[in-house]
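Results of the structural survey
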Amino acid sequence: MGREFGIGARLPRLEDARFLEGRGQFCADIAFPGMLHAAFVRSPHAHARIVAVRKPQGFEKNIYHAGDLTGVGRMRSTAKLPGFKPSDWPILAAAKVRHVGEPLAMALAATAAEAEDLAAAVEVEYEPLPPVVTMAEALQKAPPFVHDEWGDNVLVDIKMEAGDLAAAKAAAAHVVERSFRMNRMHPLPLEGRACVAALDSRLDELVVYVAHQLPVPLQIGLAQVLGLSQRRLRVVVPDVGASFGLKTYVESETVCVAWAALKLRRPVRWIQDRHESLVCDATCRDYQCKITGYANADGRVLALDCEVIVDSGAYSPWPWPAGIEGGLALGNMQGCYDICAFRGRAINVVSNKPAGQPFRGVARPLSCIGHEIVMDGIAQAVGIDPVEARLRNFVKPAQLPYVSITKKTLDSGDYAAALQRAAALIDLPAIRARQKNPEKDGRLIGVGFACFYEQTAYGTGPFGYSAWGIELVPGMEPAVARLTGDGELILEVGSHSHGQGHETVFAQVAHEVLGIDPRKVSVRFGDTSAAPAGTGTYTSRSMVTTGGAVADACRALMTPIAKIGAHLLQCKEGDVAIREGRVNGPQGSVEFSEIGRAWYHHPEELPADADPAGLTATAGHKPHDPGVFAYSAHAALVAVDPDTGAVEVLDYAIVADCGTRVNPLLVEGQVLGGFSNGLGNALYEESSYDSSGNPTATTLADYTAPTAPSVPFVKLDFIETPSPFSAFGMKGIGENGAIGPPAAIVNAVNDALRPLGAAVFETPVTAHRVREAIVQAQKSRP
């Protein structure tokens, strides 16, 4: 097929025109006559008993607390991980509140401002309780307990061991021990959470418009909580202004809005503001890790031993239980290195903070920084360059497919080539030469690397979601392809786009199979009454799973198209070929529009054995277990001011392998967008709390995120190693850019600080933390 539109084409996003022209439709654009607006009464305490909720006089019917939510069931996320402790997530807090910002009442009014005024007028009497804020507090055996019935604050304690650790320790010539801390972050999507609910009396169904990633799982969860059959609950996800994993669970506010629309038979809307978002949204990446690497005299890593603590917040979201983060961290801790022994423990604790929600990259940045700081430590111990240390430990192409000790089947790639290209892009020899002389401005420069794999498009088998025993295990991913009467194509898919460019890349897949112009393809998703029942968009899966389903559906559609086309051309079906949106035969061709006209308008022109199913085809994609593995090498050059602690990224390179790139332009955008997220993780973003559990970064003046001037130019390069387990050899790419920056930048900062004897093993690497490390190193000198 032509490269102008098909697989590999740098086709600009087809959906961008409507966004640039203001024709996008988000939840805030959806309104109905007589619509009510919701606002929520939220807890000012991290931990407190609710003594009384007093509604303002004369407005009692406008306020709803937990006791008013008749017919609403419990929301409870469970897992089959050994020792996992489930707990209810109250739709509205009733007995006690467990984090600042937890909703305990809903106010409804004709305008959002009036609803907020009513919420402010609600009086709540609290009995404050001691909060659990730090991981050290959570690990204490004595009260306070976030969930009193547990008797402690441990959600789940996961252990993993493989290989002969004792033998590895005995054979080790070098032992490198590192402890690091990754602080809690906010996903910070441009659009906050939002929902609108309205009752369709004609169809006897509740319609919930919501900013979300998973339309069908949300429909399932909402139906369970509201006590409705799924037939009577329609979820519509319109345009979504980013998510990064935040919008993947059943939210209390959405349940309340949907319930109110049912009860009052009036439309109800709630649009979150930024302050609300920063205070009460689910957040992620609150980790501590102690990791020890054992290596021989040549720097070959023999074993890793690590302990991870994850602060999972107060609740487990439905359907993703918080405990899976620790398991994911351990499972990916080996990275793309050939290591023969491993022991890991991941303790997931609860605290009086908002729920821990896996988002962009999930726990992979934690795993990446773990194995990468060990690699730098071993390089230093052996006296070799960090690049050489990694080259000695990579899984080699000849070893693929390689089953790691943590049961990851690395299927394709050349990790050494990616690292060597990244080092060349930043000109590593020139940097090493530059480090031998002082910088004119007095700053110290350092270089750091991060190499990792990204497990994408997980399967459903023993190494996928079913192994965790969660509430909703993803299965097949379906797609429907339908040729219209004028020869254009409608694709209906179960995934959803919140910025990835699905409308473009799925149309490119259709072009690759059918030769149809992507501008004649409509990609529809997000409406559970029309789209096939897929599981949504997450874990870098859509291009592999939904893209594969689209390809199969289009291939299935070729059969009736070819049969009708051959009949119209008066030739044998085996003599025709489908190219460029036409059926081509020995003596001529017919356009798809003629095929559509014959089926929809003139069935008398069809062959006698035409399939009654017509010009519609459905296909599904079964994910390969345990997924397909992309990988990447990141290289960072930084300058550190030893007087102020300020860190500047001078140069950055990423070499990634996501298999066949369907649209290189969009792949580059995904990697660069991910990099800005990883940069924030490394240097800027932190959801901080005081000792009472109060959030201290509740505006964008306090919660600092990368801005255009702080994001450096990133040099990109790609290796294309097609996966043997996906259509066209595709692998996921969505989280690739976000995983590596914390490790690469931490290693670069510590390379710069090495002459001072200082090191920072905590993200974000703020100026204060750098100065603190330098001062501590100065105090430690004899």
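This section reports on the structure supplied with the text. (Residues numbered from 1 in each chain as written. Predicted model: local features only at pLDDT ≥ 70, side-chain atom pairs only at ≥ 80, totals over all residues. Heavy atoms only, no water.)

Moving on: the overall build of the protein chain. When helices and strands are counted, the protein chain shows 19 helices and 31 strands. Radius of gyration (C-alpha) of the protein chain: 28 Å, near the 28 Å computed for a compact globule of 782 residues. Overall, the protein chain is about 95 × 75 × 50 Å in size when its C-alpha atoms are taken along their principal axes. By residue count, 61% of the 782 residues in the protein chain fall in the buried class. (Helix = DSSP H or I, 4+ residues; strand = E, 2+ residues; numbered from the N terminus. Rg over C-alpha atoms; globule rule 2.2 N^0.38 Å. Buried < 20%, exposed > 50% of the residue type's maximum accessible area, 1.4 Å probe, protein only.)

This brings us to the nonpolar core. Among the nonpolar cores identified, the biggest contains 165 residues, and Met106, Leu206, Val308, Phe449, Tyr652 and Ile745 are the most heavily contacted of them. Per element, the largest residue contribution to this core is 9 residues, and it comes from strand E28 (residues 628-640). (Core = buried A, V, L, I, M, F, W, Y, C linked by side-chain atoms within 4.5 Å.)

Once that is clear, we can look at the pairing of strand E13 (residues 233-236). Residues in a regular strand project their side chains so that they alternate between the two faces of the sheet. Bridging between strand E12 (residues 205-210) and E13 involves 4 bridges; their strand directions are parallel. Pairing of Val207 across the sheet is with Arg234, part of E13. What joins E12 to E13 is helix H5 (residues 215-226), and the crossover it makes is right-handed. (Pairing = 2+ DSSP bridges. Right-handed = clockwise from strand over helix to strand, strands pointing away.)

The subject of this paragraph is the side chain of Ser316. Summarising the element assignment, Ser316 is placed in the loop between strand E16 (301-311) and helix H8 (324-331). On the accessibility criterion, Ser316 (7% relative accessible area) is buried. A distance of 3.1 Å separates a polar atom in the side chain of Ser316 from the backbone nitrogen of Ala322. (Polar contact = N/O pair within 3.5 Å; in protein donor to acceptor, adjacent residues only side chain to side chain.)

Below, the discussion takes up the pattern of salt bridges. Evaluated as defined, the whole model comprises 55 salt bridges. Asp527 is the partner of Arg234 in a salt bridge, and the nearest nitrogen-oxygen pair spans 2.6 Å. Of this pair, Arg234 sits in strand E13 while Asp527 sits in the loop between strand E23 (521-524) and helix H14 (542-569), placing them 293 residues apart in sequence. By relative accessible area, which is 17% here, Asp527 ends up buried. Across the pair Arg769 and Glu762 runs a salt bridge, and its minimum N-O distance is 3.4 Å. It is possible to trace a salt-bridge network through shared partners that takes in Arg42, Arg193, Glu251, Glu253, Glu276 and Asp281. (Salt bridge = Lys/Arg side-chain N within 4 Å of Asp/Glu carboxyl O.)

The next point concerns the packing of helix H13 (residues 502-514) against H14. The N-to-C vectors of H13 and H14 enclose an angle of 40 degrees; their axes lie 9 Å apart at closest approach. Viewed along their axes, H13 and H14 form a crossing whose handedness is right-handed. Residues His502, Val505, Phe506, Val509, Ala510, Val513 and Leu514 of H13 lie in contact with H14, whose contacting residues are Ser542, Met543, Thr546, Gly547, Val550, Ala551, Cys554, Arg555, Leu557, Met558 and Ile561. For the contact of H13 with H14, a count of residues per class yields 13 nonpolar, 4 polar and 1 charged. (Axes fitted to C-alpha atoms, helices over the stretch in contact; angles between N-to-C directions. Left-handed = near helix turned anticlockwise from the far one by under 90°. Contact = heavy atoms within 4.5 Å. Nonpolar A, V, L, I, M, F, W, Y, C, P; charged D, E, K, R; others polar.)

Let us look at helix H2 (residues 112-121). Note that an α-helix has 3.6 residues per turn; residues three or four places apart therefore point the same way. For H2, the full list of buried residues reads Ala115, Leu118 and Ala119. Projection of H2 onto a plane perpendicular to its axis shows the buried side chains occupying an angular sector of 100 degrees, all on one side. Seen from the buried face of H2, the exposed residues on the opposite side, beyond 90 degrees, are Asp117 and Ala120. Elements in contact with the buried residues of H2: strand E1 (36-42), strand E3 (63-65) and strand E7 (103-109). (Arc of directions from axis to C-beta.)

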